[in-house]
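Fold and contact review
In case you want the letters, here they are:
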Amino acid sequence: MSSDVLNSDIFPKGVYTRAKSYLSGIKGNIGAYSASPGYQFVRDHVAQYIEKRDGIKADADKVILTDGASQGISMVLNMLIADHECGIMIPLP
């Protein structure tokens, strides 16, 4: 992110604080390949949110981020299908 943008007052202060926090958590260049399950600091935040919301212990190392719900569901279904003889039936809503 351009230092001109980070030092401007176009957005509310909280936006800059969050952006700086994200930028400090990203190792290497933005747009470069990251860890497959997602950035660790984001997975830590997700686990903390789940613990706060649901009241259960959440392990950030077991959190996997996807670029959409459909991709996440597809990944889970592919893991459940062991071989060509397995199948999954999903009823239409």
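Residues numbered from 1 in each chain as written. Predicted model: local features only at pLDDT ≥ 70, side-chain atom pairs only at ≥ 80, totals over all residues. Heavy atoms only, no water.

Here we look at helix α2 (residues 13-25)
Look at α2: 19 Å from first C-alpha to last across 13 residues, which is about the 18 Å you get at 1.5 Å a residue. Along α2, the residues that are buried comprise Tyr 16, Ala 19 and Gly 25. (Helix = DSSP H or I, 4+ residues; strand = E, 2+ residues; numbered from the N terminus. Expected span 1.5 Å × (residues − 1). Buried < 20%, exposed > 50% of the residue type's maximum accessible area, 1.4 Å probe, protein only.)

Regarding the packing of aromatic side chains
Scanning the entire structure with this criterion turns up three aromatic pairs. Here the aromatic rings of Tyr 22 and Phe 41 are separated by 5.8 Å at their centres, their planes lie at 50 degrees, and the arrangement is tilted. Separated by 19 residues along the polypeptide, Tyr 22 in helix α2 and Phe 41 in helix α3 (residues 40-54) bring together distant segments of the chain. Residue Tyr 22 is classed as partly exposed on the basis of its relative accessible area of 35%. (Phe/Tyr/Trp six-rings, centres within 6.5 Å; stacked < 30°, edge-to-face > 60°.)

Some points on the confidence of the model for the chain
With 92% of its residues at a pLDDT of 70 or more, the chain has an overall mean of 85. Per-element confidence in the chain ranges from a low mean pLDDT of 72 for helix α1 (residues 3-6) to a high of 95 for α3. (pLDDT = per-residue confidence, 0-100.)

Some remarks on the environment of Ala 60
With respect to the helices and strands, the residue Ala 60 is situated in the loop between α3 and α4 (69-80). Separated by 21 residues in sequence, Ala 60 and Tyr 39 have C-alpha atoms that sit 10 Å apart. Ignoring anything within four residues of it in the chain, the contact list for Ala 60 reads Gln 40, Arg 43, Asp 44 and Ala 47. (Contact = heavy atoms within 4.5 Å.)

Description of the side chain of Arg 43
Of note, Arg 43 is situated in helix α3. Discounting residues that sit within four places of it in the chain, Arg 43 has contacts with Pro 37, Gly 38, Ala 60, Asp 61, Val 63 and Leu 65.

Comments concerning a nonpolar patch on the surface
Residues Val 76, Met 79, Leu 80, Ile 81, Ile 88 and Ile 90 make up a contiguous nonpolar surface patch of roughly 590 Å² in combined accessible area. Secondary-structure assignment places Met 79 in helix α4. (Patch = residues over 30% accessible without salt bridge, like charges linked within 9 Å, V, L, I, M, F, W, Y side chains within 5 Å. Areas by Shrake-Rupley, 256 points an atom, 1.4 Å probe, with all protein chains shown as cover. Salt bridge = Lys/Arg side-chain N within 4 Å of Asp/Glu carboxyl O.)

Some words on the pattern of salt bridges
Under the defined criterion, the tally for this structure stands at three salt bridges. The salt bridge partner of Asp 61 is Arg 43, with a shortest N-O separation of 3.8 Å. Of this pair, Asp 61 sits in the loop between α3 and α4 while Arg 43 sits in helix α3, and the two are 18 residues apart along the sequence. For Asp 61, a relative accessible area of 56% gives the class exposed. Measuring nitrogen to oxygen at the nearest pair gives 3.5 Å for the salt bridge that ties Lys 57 to Glu 51. On the basis of relative accessibility, which here comes to 72%, the residue Lys 57 falls in the exposed class.

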